[in-house]
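# Architecture at a glance
Letter by letter, the chains look like this.
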Amino acid sequence: MVAVSPVEDIREMVKKLETQELESQLREGRAGAELYGELLAGYIALTRLPEAKFLWKRIPDATKQENAELGKIWEVGKSIWNRDNPRVFQTLQVEWSTPIAPLMEYTLKSFREETIQLVSKAYSSIRISDLTQYIGLDEQATTQLINDMGWSWNQQTGMVTPVCKRKESLKLESLSVQQQ
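Basis of the calculations
Residues numbered from 1 in each chain as written. Predicted model: local features only at pLDDT ≥ 70, side-chain atom pairs only at ≥ 80, totals over all residues. Heavy atoms only, no water. Helix = DSSP H or I, 4+ residues; strand = E, 2+ residues; numbered from the N terminus. Contact = heavy atoms within 4.5 Å. Areas by Shrake-Rupley, 256 points an atom, 1.4 Å probe, with all protein chains shown as cover. Expected span 1.5 Å × (residues − 1). Buried < 20%, exposed > 50% of the residue type's maximum accessible area, 1.4 Å probe, protein only. Core = buried A, V, L, I, M, F, W, Y, C linked by side-chain atoms within 4.5 Å. Arc of directions from axis to C-beta. Phe/Tyr/Trp six-rings, centres within 6.5 Å; stacked < 30°, edge-to-face > 60°. Salt bridge = Lys/Arg side-chain N within 4 Å of Asp/Glu carboxyl O.

Okay, the overall build of the protein chain next. In terms of helices and strands, the protein chain carries ten helices and three strands. In sequence order, the secondary structure elements of the protein chain are arranged as α-α-α-α-α-α-α-β-α-α-β-β-α. For the protein chain, long-range pairs separated by at least 24 residues make up 55% of all intrachain contacts whose partners lie at least 6 apart in sequence. Summed over all atoms, the accessible surface of the protein chain reaches about 10,800 Å², with 51% contributed by carbon and sulfur.

This is the structure we're talking about:
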């Protein structure tokens, strides 16, 4: 069966991993680091941060020490939890293992999209330097994004004027760009 969207794919994966974790706990007393890593990354990708936090607490310390990637995944979750946008993007810019990489890529894209939506609602104007930090892009990429979204930018003052768009319209525009 093909899932409808990446979110549905991740939800389905998380359900399977939760079952596998329980079965592993019953059989062996603990699950493997790979399973914990994928489940933790899945929770974070779905912004199910309370579940991610409780999973982190129940992962045995020995497993955390064996697999450094678990700590890196949790750093992403903590940064999102604390709404430390620059740190979120910084912690996401590492080399991820094959099973974790797509989840972290999804987290990056969805967090950036959510942040752009929040900025468009919360600011009537914002300095480009602040915007670059909020969305984790350099100034050139931010400028391109601003132009693509129809926001105005005064280069002399460095101020950006966001245009509030509904989330659905952002996704539709993104889909039309990808199809071209």
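There is more to say after this.
Its 22 residues give helix α7 (residues 101-122) an end-to-end C-alpha distance of 31 Å, which sits within 8% of 32 Å, the value for a rise of 1.5 Å per residue. Listed as buried for α7 are L103, M104, T107, L108, F111, R112, T115, I116, Q117, V119 and S120.

Counting residues in each nonpolar core, the largest one holds 33 residues, and the members touching the most others are L40, I44, L55, I73, V76, I80 and M104. Counting only elements with at least two residues in this core, the list comes to α1 (6-28), α2 (33-45), α3 (49-58), α5 (68-81), α6 (85-92) and α7. With nine residues, the single largest contributor to this core is α2. Discounting residues that sit within four places of it in the chain, V76 has contacts with I44, T91, L92, W96, M104 and T107.

Restricting attention to buried positions, one finds in helix α8 (residues 128-135) the residues I128, L131, T132 and I135. In a view along the axis of α8, the buried residues occupy a sector of 100 degrees, so they form one face of it. As for α8, its buried residues are in contact with α6, α7, β1 (126-127), α9 (139-149), β2 (152-154) and β3 (159-161). Directly beyond the C-terminal end of α8, a positive phi value near 70 degrees is found at G136.

Below, the discussion takes up the environment of P6. Along the chain, P6 turns up in helix α1. Expressed as a C-alpha distance, the spacing of P6 and Y106, which sit 100 residues apart in the sequence, is 8.2 Å.

Looking now at the packing of aromatic side chains. The description of an aromatic ring pair rests on the distance of the ring centres and on the angle between the ring planes. Taken as a whole and assessed by the stated rule, the structure comprises three aromatic pairs. Ring geometry for W56 against W74: centres 5.8 Å apart, planes inclined by 15 degrees, an arrangement best described as stacked. Pair noted here: W56 is in helix α3 and W74 is in helix α5, with a separation of 18 residues, a long-range link.

Scanning the entire structure with this criterion turns up twelve salt bridges. The closest approach of N and O atoms between R48 and E51, which form a salt bridge, is 3.0 Å. Residue R48 is classed as partly exposed on the basis of its relative accessible area, which comes to 24%. One salt bridge connects K109 with E105, and the closest N-O pair in it is separated by 3.7 Å. With K109 and E105 both in helix α7 and four residues apart, this pair spans about one turn of that helix. Its relative accessible area of 38% is what places E105 among the partly exposed residues. Here the residues in one salt-bridge network are E18, R48 and E51, joined through shared partners.

What follows deals with unusual backbone geometry. Positive phi is not limited to glycine here, since T47 has a value of about 55 degrees. As for its placement among the helices and strands, T47 is situated in the loop between α2 and α3. Within the chain, R83 stands out as a residue other than glycine whose phi angle is a positive 55 degrees. Positionally, R83 belongs in the loop between α5 and α6.

This part takes up the environment of K109. With a relative accessible area of 53%, K109 lands in the exposed category. In this structure, the C-alpha to C-alpha distance between K109 and A45, residues 64 residues apart in sequence, is 9.8 Å.

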